[in-house]
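In case you want the letters, here they are:
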There are 2 protein chains.
Amino acid sequence: MRRRAGRPSQALLGQGQITRAALKLVARDGYKALTMSGLAKSLNVAPSALYNHVASKQDVLLLVEDALMGRVDVSAFARMPWAEAVRLWAHSYRDVFSAHLPLIPVIALLPVTNAPQTIKMYEAVTDGFLRAGWPQERIVDAIVALESFIFGSAYDANAPADIFATGELAEEAPHFSAAVSLRRNPAGHNDADAAFALGLDALVAGLAATLAG
Amino acid sequence: MRRRAGRPSQALLGQGQITRAALKLVARDGYKALTMSGLAKSLNVAPSALYNHVASKQDVLLLVEDALMGRVDVSAFARMPWAEAVRLWAHSYRDVFSAHLPLIPVIALLPVTNAPQTIKMYEAVTDGFLRAGWPQERIVDAIVALESFIFGSAYDANAPADIFATGELAEEAPHFSAAVSLRRNPAGHNDADAAFALGLDALVAGLAATLAG
DNA sequence: TCACTAAATGAATAACGTTCATTTCCATTA
DNA sequence: TAATGGAAATGAACGTTATTCATTTAGTGA
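The rules behind each value
- Residues numbered from 1 in each chain as written.
- Chains lettered and ligands numbered in written order.
- Predicted model: local features only at pLDDT ≥ 70, side-chain atom pairs only at ≥ 80, totals over all residues.
- Heavy atoms only, no water.
- Least-squares fit on C-alpha atoms with pLDDT ≥ 70 in both.
- Contact = heavy atoms within 4.5 Å.
- Phe/Tyr/Trp six-rings, centres within 6.5 Å; stacked < 30°, edge-to-face > 60°.
- Helix = DSSP H or I, 4+ residues; strand = E, 2+ residues; numbered from the N terminus.
- Buried < 20%, exposed > 50% of the residue type's maximum accessible area, 1.4 Å probe, protein only.
- Lys NZ or Arg CZ within 6 Å of the ring centre and 35° of its normal.
- Expected span 1.5 Å × (residues − 1).
- Polar contact = N/O pair within 3.5 Å; in protein donor to acceptor, adjacent residues only side chain to side chain.
- Buried area = accessible area lost by both parts, 1.4 Å probe.
- Salt bridge = Lys/Arg side-chain N within 4 Å of Asp/Glu carboxyl O.
- Axes fitted to C-alpha atoms, helices over the stretch in contact; angles between N-to-C directions.
- Parallel < 35°, antiparallel > 145°, perpendicular 65-115°, else oblique.
- Nonpolar A, V, L, I, M, F, W, Y, C, P; charged D, E, K, R; others polar.
- Domains from an automatic or database assignment.

1. Description of the relation of the copies chain A and chain B
Thinking step 1. Least-squares fitting of chain A to chain B yields an RMSD of 0.0 Å, with the superposition described by an axial translation of 0.0 Å and a rotation of 180°. Such a combination of turn and shift is consistent with a two-fold rotation axis.
Thinking step 2. Both copies present the same face, since 100% of the interface residues in chain A are matched by interface residues at the equivalent positions in chain B.

2. Examining the packing of aromatic side chains
Thinking step 1. One pass over the structure, following the stated rule, counts 25 aromatic pairs over all chains.
Thinking step 2. With a centroid separation of 5.4 Å and 85° between ring planes, the pair formed by Trp82(A) and Phe129(A) is classed as edge-to-face. Here the residue Trp82(A) occupies a position in helix H4 (residues 82-98), and Phe129(A) occupies one in helix H6 (residues 116-131), the gap between them amounting to 47 residues. We note that Trp82(A), like Phe129(A), is buried.
Thinking step 3. Consider the rings of Phe149(B) and Phe196(B), whose centres lie 5.5 Å apart with planes at 10°: the pair is stacked. Of the two residues, Phe149(B) sits in helix H7 (residues 136-157) while Phe196(B) sits in helix H9 (residues 191-212), which places them 47 residues apart along the sequence.
Thinking step 4. Phe196(B) gets classed as buried once you look at its relative accessible area, which sits at 2%.
Thinking step 5. An aromatic cluster of at least three residues, connected via ring pairs, comprises Phe77(A), Trp82(A), Trp89(A), Tyr93(A), Phe97(A), Phe129(A), Trp134(A) and Phe151(A).
Thinking step 6. Sitting above the plane of the Phe196(A) ring, Arg94(A) keeps its charged end 4.4 Å from the centroid.

3. Looking at helix H9 (residues 191-212) of chain A
Thinking step 1. Under the 1.5 Å per step criterion, the end-to-end length of H9(A) is 32 Å for 22 residues, consistent within 8% with the ideal 32 Å.
Thinking step 2. By the N-cap criterion, in which a side-chain oxygen at the helix start approaches the backbone nitrogen of a residue two or three places on, H9(A) is capped by Asn190(A), the distance to Ala192(A) being 3.2 Å.

4. Comments concerning the interface of chain A and chain B
Thinking step 1. Taken residue by residue, the interface counts 66 residues in chain A and 66 residues in chain B.
Thinking step 2. When chain A packs against chain B, close to 5,400 Å² is buried across both sides, 71% of that on carbon and sulfur atoms.
Thinking step 3. Counting across the interface, chain A meets chain B through 2 salt bridges.
Thinking step 4. Among the ionic pairs, Arg183(B) bridges to Asp141(A), the shortest N-O distance being 2.7 Å.
Thinking step 5. Our enumeration of links across chain A and chain B arrives at 13 residue pairs in polar contact (both at pLDDT 80 or more).
Thinking step 6. Listing elements by their share of the side of chain A that touches chain B, those giving two or more residues are helix H5 (104-109), H6, helix H7 (136-157), helix H8 (174-181) and H9 of chain A.
Thinking step 7. By residue number, the principal contributor to the side of chain A that touches chain B is H7(A), which donates 16 residues.

5. Overview of the environment of Tyr31(A)
Residues and elements named next belong to chain A.
Thinking step 1. Along the chain, the position of Tyr31 falls in the loop between helix H1 (15-29) and helix H2 (36-42).
Thinking step 2. In this view, Tyr31 contacts Val26, Leu61, Val64, Leu68, Ala99, His100, Pro102 and Leu103; residues no more than four positions away in its chain are not counted.
Thinking step 3. Of the polar contacts made by the side chain of Tyr31, one reaches the side chain of His100; its length is 2.7 Å.

6. Focus on the packing of H8(A) against H7(B)
Thinking step 1. Two numbers describe how H8(A) lies on H7(B): the axes approach to 7 Å, and their chain directions differ by 95°. By the criterion of interaxial angle, the relationship of H8(A) to H7(B) is roughly perpendicular. Within the contact between the two elements, H8(A) uses Ala178(A), Ala179(A) and Val180(A) and H7(B) uses Gln136(B), Ile139(B) and Val140(B).
Thinking step 2. Of the residues assigned to the contact of H8(A) with H7(B), the class counts are 5 nonpolar, 1 polar and no charged.

7. Some words on the domain arrangement of chain A
Thinking step 1. If you check the domain split of chain A, you get domain 1 (15-54) and domain 2 (70-212).
Thinking step 2. Summarising the inter-unit geometry, the C-alpha centres of domain 1 of chain A and domain 2 of chain A are found 30 Å apart.

8. Quick look at the pattern of salt bridges
Thinking step 1. Throughout the structure, instances matching the rule amount to 14 salt bridges over all chains.
Thinking step 2. With its nearest N and O atoms 3.8 Å apart, the salt bridge here joins Arg28(A) to Asp29(A).
Thinking step 3. Relative accessible area serves as the criterion here: at 43%, Asp29(A) is assigned to the partly exposed category.
Thinking step 4. As a salt-bridge pair, Asp193(B) and Arg94(B) come within 2.8 Å of each other at their nearest N and O atoms. Here Arg94(B) lies in helix H4 (residues 82-98) and Asp193(B) lies in helix H9, a separation of 99 residues in the sequence.
Thinking step 5. A residue is classified by how much of its surface remains accessible, and Asp193(B), at 24% relative accessible area, is partly exposed.

9. Focus: the side chain of Thr126(A)
Thinking step 1. Relative to the elements of secondary structure, Thr126(A) occurs in helix H6.
Thinking step 2. Look at Thr126(A) and you get buried, because its relative accessible area is 0%.
Thinking step 3. Excluding residues within four positions of it along the chain, Thr126(A) makes contact with Ile139(A), Ile143(A), His175(B), Phe176(B) and Ala179(B).

10. Some points on the environment of Ile143(A)
Residue and element names in this part refer to chain A.
Thinking step 1. With respect to the helices and strands, the residue Ile143 is situated in helix H7.
Thinking step 2. C-alpha separation for the pair Ile143 and Val86, spaced 57 residues apart in sequence, amounts to 9.7 Å.
Thinking step 3. If near-sequence neighbours (up to four positions away) are discounted, Ile143 is found in contact with Trp89, Tyr122, Val125, Thr126 and Phe129.

In structure tokens, the structure reads:
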């Protein structure tokens, strides 16, 4: 299904073009606007034409997902101690997908086969774990644990500020309501960032202790 | 919008009935089958009749979500030390929503107002944290961090076994591929459970250290 | 020039959530 | 008893959605 090399004219569509158009569409109008019709229109093409290059809309989401994985910064693993590198990677990972929540089920549930950027990222992270002395057989579990936290935190980063407002039922949950109203964080940090930092520090410290023990 | 008390016959629909029917439908045929038409049919009613008791399908999901929150076991907080209670609660929480992935965006993004079971759960958890000596102003962040990990782990629990199969690109990620193939866990535990246990232990230990420090 | 093929088209379909005018049926009031 | 009011059910309709299919277009190689 790859496109031939020597085909100068009439080369309208391709997976690359579709991916770029989808990214642009999502950046401008969000995922609600990422429809096959809208995508086709942005490429000046009929919706059905997309199906010559892509098997389904899921396929489009996979292409977009892999492209975004290339934006996750793994460079810290090559130049920093493990704990600090994990923190920087996790922050970058969360920030990228906070703006792409609908992709999280795709990442979390679909095989990485044929997702080169995704595999590349995992390789860089694995390298960092190996250099830190992690035993091969625990590395994937550790990465999965960190990823689970990151995905959940990406959701949390998009939660409205009043998500824990108890409303009329406040009297039935006095301790929780009090804890919610006392939740105040350092200037410049919103609630989601504080919870993310707290959990990430705990997770990294706990994993380091596991490795040492 | 509450139903009157003395209305014996003709009492066809109500939020309670809708919630129960939706839970039954999902348990039998999954979330793909939870459509307004299917839900109405299971209640022997026209689809439009549902809108007399519910504003939207989102509303139905909210009702289901709150009902499920009642199934999360928080009893350990009343009878066990903090670390062990958190572990049991987290396991129960993950297990409940592993079978209800489509609800995770709903839980993570929508206010808890008018979700009594949800608020009840948070109150029980908050109580447990208070008894363990946590300062009020950190409790919500700690719960949010744990929840983020739990939601992500619920996704992971539904991932196919071959999710990390690198396929044709294995040569470009040798270290990762090796780590994936060495990922083997004790009998009776699948991969997702091992990663969940590893991360949960690390998170709990790390949070305990934060509290102590 | 002629076939072959990749790729675009436009019409069509089924399923979805949702709206709305209308009707039904019960409980209350006159 | 008869009339009234209102909650709730109906069935038809609408606008989107992803996806399919037969058909046409146009460029390439023989």
